[in-house]
There are 2 protein chains.
Amino acid sequence: MNGAQALLRTLVDSRVDVCFGNPGTSEMHFVAALDSVPSMRAVLALFEGAVTGAADGYGRMTGRPAATLLHLGPGLGNGLANLHNARRARTPLLNVVGDHATYHKQYDAPLESDIDSVAGSVSGWLRRSESVASVAADAADGVAAALAGQVATLILPADVSWSDGATPAAPRPVPVPEAVGDDVVRAIAGVLGEGTVLLLGGAALTEAGQVAAARLGVTVFAETFPARMRRGARLPAVERLGYLAEHVQHQLTGARHIVLAGAKSPVSFFAYPGKASDLVPDGCEVHTLAAPGQDVVGALENLADLVGGTAVAPRAAARPALPTGALTVQNWADVIGALLPENAIVADEANTSGVLLPVATAGAPAHDVLTLTGGAIGLGLPLAAGAAVACPDRPVVCVEADGSAMYTLSALWTHAREGLNVTTVVLSNRAYAILRMELQRVGATGGDKAAELLDLSRPDLDFVSMATGMGVPASRATTGEELAARFEKALVEPGPHLIEAVVPALM
Amino acid sequence: MNGAQALLRTLVDSRVDVCFGNPGTSEMHFVAALDSVPSMRAVLALFEGAVTGAADGYGRMTGRPAATLLHLGPGLGNGLANLHNARRARTPLLNVVGDHATYHKQYDAPLESDIDSVAGSVSGWLRRSESVASVAADAADGVAAALAGQVATLILPADVSWSDGATPAAPRPVPVPEAVGDDVVRAIAGVLGEGTVLLLGGAALTEAGQVAAARLGVTVFAETFPARMRRGARLPAVERLGYLAEHVQHQLTGARHIVLAGAKSPVSFFAYPGKASDLVPDGCEVHTLAAPGQDVVGALENLADLVGGTAVAPRAAARPALPTGALTVQNWADVIGALLPENAIVADEANTSGVLLPVATAGAPAHDVLTLTGGAIGLGLPLAAGAAVACPDRPVVCVEADGSAMYTLSALWTHAREGLNVTTVVLSNRAYAILRMELQRVGATGGDKAAELLDLSRPDLDFVSMATGMGVPASRATTGEELAARFEKALVEPGPHLIEAVVPALM
């Protein structure tokens, strides 16, 4: 058995049985070994940003890592932005980055580069497999590291892949989140009351976490960009903190205690001249019930039991009416809210166009929302692919800004090849609308040249043509009626669809 | 004057007057400052891989750096693969990577990441601008560093951009390539003769370098993947070393001395089990006339003068006949050879489909060829964009493999927005054909799953639809006649065009 075969067997024995990949020559033995390990599913993407974004979506939905297969430093580089998002999401994910054979590196061949430094920037665990004797153990260790909620990266030299004499390694114990001490829970109980704000993140945004949080009788918010949040009808009404610092400051007005439950203390996404970066109100104390990675649901349940909190009425089922007339930033979201199917997964990279989506879908049937955790745009389409591979029986709805879609558009081809049940709605406002807003917020004054850099028209992007060219049936909607008809039809038909919703830019 | 304004004025004073960019919030003051510096041209690309690849093409054609504008670590990551190619090409290029404000970094906001480590992997010069007092000097230093033939990266915190009190800095002296000593030239003269192979790279592949080399009366090859090579009718007949190690070994059979003139000693692109990585024949000595970055043309001319070499007959003008019938790997290249216009720039990422292109174009009117220097695919379309911005009066022909095209396809939109005279021929063989070959060459045996990962059909990619969707007029050709008719028409009409040439896969 060669190194690649032992690695793949170790992965499937460790319950890592999906690999998103875009291989090159140094990965050919890994590719060949796939046929000797039938239970490993290999999914091709045409660009590594789609590979890593799909692995992120898969990991968020299963709680288990997918493997990626990346081609040396440039392949890793192409996947880096979505690995950044995965790192921020604390997604379990295992990169396998092929490298030159160990003895070949000295020659500084054209594809030689410093993989380790680049990988280190996103990886909580990083190892270079040194020999065929260690590669399987390295893989098992990497899976365990990933399961702790981080990006793990294994650099795999070609000769370690192709050399014989390897044996699979036993799965490592699955890491268990650290429990929160009773003393911490008791201390937090002492600060609950009027003026206390509970901030939920990570696993606290499961249904169990939110139900426990709702029993505490305090104001509850979700972190701004959750990796995965359960919401909708019959769940507690938990609003997310806003993207804009001014919005967060409004939401936190009057807070005297902020309790962090799997979330980080609120900070501004960017710095703005003369504005605060730290969004904790003056005089407000910040307490940590559970840090990211700790057993936050257990802590919330213990806390709720301790204070005797009782269940509160969840959100009622309620959908917006189907809108009519030309699409607006409001009414396209109402279409989604009106028609979102039961137990959907929503991959949300709608950016400015999606500002009203959370309201429109609040009372829709319960669903999971996956968001842009790290701010590195180009995540939505790959994320949807990974979620659909993870959950083939659930409808996936991808709401995607036009500017962001262009970063990793080839993920649509993977939607098509794998026949994924992803319905993509591209919000085509023909602008980097968020940057028009940010240009003003940072206090800058641009002219025509600045405007040109924030404009996506001249020429207009035709997402119907582009999607069709990658094998995804596509159509365009300019009115609420058209969007509703096309969205309903797409949800019913198997396989992927794309609808270009032509909306006005928010700015 | 704020930091961004001083930076931009310093750049244009230093003859850096094109900026390819894809900005975000932290770059808004840079964007706004563009309107205060009219002589800086800003070119928007919709993905950073297109930004950096375009800057590479621009730098190769002008010898001067373009600036890039990249958004924090993820934007740099997206551009990393083509920066790797630029590093291998020794292209002058100046990255400006926006970062959070200096005081904001402590908050670990979602987009915070280790920019320095990632940038360091591709940059010969790297600096983080610390204050508005230093930013202009940093920019001037960065330009000078880039002009030495390397990627220079300036990390620009948002508050350094927006703070007032900056003044432009004076241009630094343009670095001059180190001259090669007469002793070295004399020593090399002593090894010229039968059994000597001269290997040209870098500036040696200008017309002057090749003409001088041809006077030496020895076998001359060009490096495998030149950054820029002048060739065609009335130039010396210089063949490139092959991509396949076996091919190079054949080309170097009998060599007793290899003289490096701006090139590196030949090594295999990848390692293969049981095959050599070092391609220098046994017993052959390697001598360096000029290392990359030294004044190689001067050294070659001095050497030719010393040995009294006389000019040799250049290649005669000769074009292949226009082919008929279904497209093949041979005849599409003959179309290009038959119709390539005078003084064209050929951005070549045709990969396996392009194996016969050098022969087909050898006697075409003199032209420049830009190749995939670092092996990081996804370069061709951006490279063509940058070359067209650099040389608006020259026709640019981009020959592009389908698999590689998908990495940075959105560069087509920049072709359209800027009205660039780029004629792209996508060789659509619906496979990663090179990997089918490499799978065999590494001695691996794959089955259906391996084959699936190397296949680009199911669904077929429709480049006509995709290009049209980005505003580039497009058509498809399946025969030699169709390709010739469409190629001729595209060359005559202003602005970009794309032709999808449906060719059989080499394997």
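One can find the structure itself at the top, above this paragraph.
Residues numbered from 1 in each chain as written. Chains lettered and ligands numbered in written order. Predicted model: local features only at pLDDT ≥ 70, side-chain atom pairs only at ≥ 80, totals over all residues. Heavy atoms only, no water.

(A) Quick peek at the sheet that holds strand β3 (residues 67-71) of chain A. Residue and element names in this part refer to chain A. Across the sheet, 6 strands lie side by side as β2-β1-β3-β4-β6-β5; this open sheet has parallel pairing. Only two strands of the sheet have a single partner each, and these edge strands are β2 (41-44) and β5 (125-128). In this sheet, neighbouring strand axes are inclined to one another by 20° on average, regardless of whether the strands run parallel or antiparallel. Across 5 bridges, the pairing between β3 and strand β4 (residues 93-99) is parallel. Bridged to His71 within β4 is Gly98. Taken strand by strand, helix α6 (residues 135-147) contacts β4, β5 and β6 (151-157), and its axis lies near 170° from that of β5. (Pairing = 2+ DSSP bridges. Helix = DSSP H or I, 4+ residues; strand = E, 2+ residues; numbered from the N terminus. Axes fitted to C-alpha atoms, helices over the stretch in contact; angles between N-to-C directions. Contact = heavy atoms within 4.5 Å.)

(B) A look at the nonpolar core. Among the nonpolar cores identified, the biggest contains 209 residues, and Leu11, Phe20 and Phe30 of chain A together with Leu11, Phe20 and Phe30 of chain B are the most heavily contacted of them. It is helix α14 (residues 380-390) of chain A that contributes the most residues to this core, 8 residues altogether. Setting aside anything within four residues of it in sequence, one finds Phe20 of chain B in contact with Val43, Val51, Ala54, Ala55, Tyr58, Ala66, Ala67, Thr68, Leu69, Gly386 and Val389 of chain B. (Core = buried A, V, L, I, M, F, W, Y, C linked by side-chain atoms within 4.5 Å. Buried < 20%, exposed > 50% of the residue type's maximum accessible area, 1.4 Å probe, protein only.)

(C) Examining the relation of the copies chain A and chain B more closely. The transformation that overlays chain A on chain B combines an axial shift of 0.0 Å with a rotation of 180°, and the residual RMSD is 0.0 Å. Look at the turn and shift together and you get a two-fold axis relating the two. Closest approach to the rotation axis among the C-alpha atoms of chain A is made by Met466 of chain A, whose C-alpha sits 2.1 Å away. The fraction of interface residues of chain A whose copies in chain B are also interface residues reaches 100%, indicating that both copies meet through the same surface. (Least-squares fit on C-alpha atoms with pLDDT ≥ 70 in both.)

(D) Structural detail: unusual backbone geometry. With an omega dihedral of -5°, the bond running from Arg458 of chain A to Pro459 of chain A counts as a cis peptide bond. Within the secondary structure, Pro459 of chain A sits in the loop between α18 (448-453) and α19 (463-469).

(E) Summary view of the pairing of strand β6 (residues 151-157) of chain B. Residue and element names in this part refer to chain B. Counting buried positions along β6 gives 7 out of 7 residues, so the element sits mostly inside the fold. Sheet analysis places strand β4 (residues 93-99) next to β6, joined by 7 bridges and oriented parallel. Paired with Gly98 across the two strands is Leu156, which belongs to β6. In this sheet, β6 lies alongside strand β5 (residues 125-128) in parallel orientation, the contact comprising 4 bridges.

(F) Representation of the interface of chain A and chain B. Residue-level contacts link 97 residues of chain A with 97 residues of chain B. Between chain A and chain B, a total of about 7800 Å² is buried, with carbon and sulfur atoms accounting for 65% of that surface. As a salt-bridge pair, Asp108 of chain A and Arg88 of chain B come within 2.7 Å of each other at their nearest N and O atoms. For the side of chain A that touches chain B, the secondary structure elements donating two or more residues are α2 (28-33), β2, α4 (72-89), α5 (115-120), α16 (411-417), α17 (433-441), α18 and α19 of chain A. Considering every element that reaches the side of chain A that touches chain B, the biggest residue donor is α4 of chain A, with 9 residues. The residue inventory of the side of chain A that touches chain B, partitioned by class, reads 51 nonpolar, 28 polar and 18 charged. (Buried area = accessible area lost by both parts, 1.4 Å probe. Salt bridge = Lys/Arg side-chain N within 4 Å of Asp/Glu carboxyl O. Nonpolar A, V, L, I, M, F, W, Y, C, P; charged D, E, K, R; others polar.)

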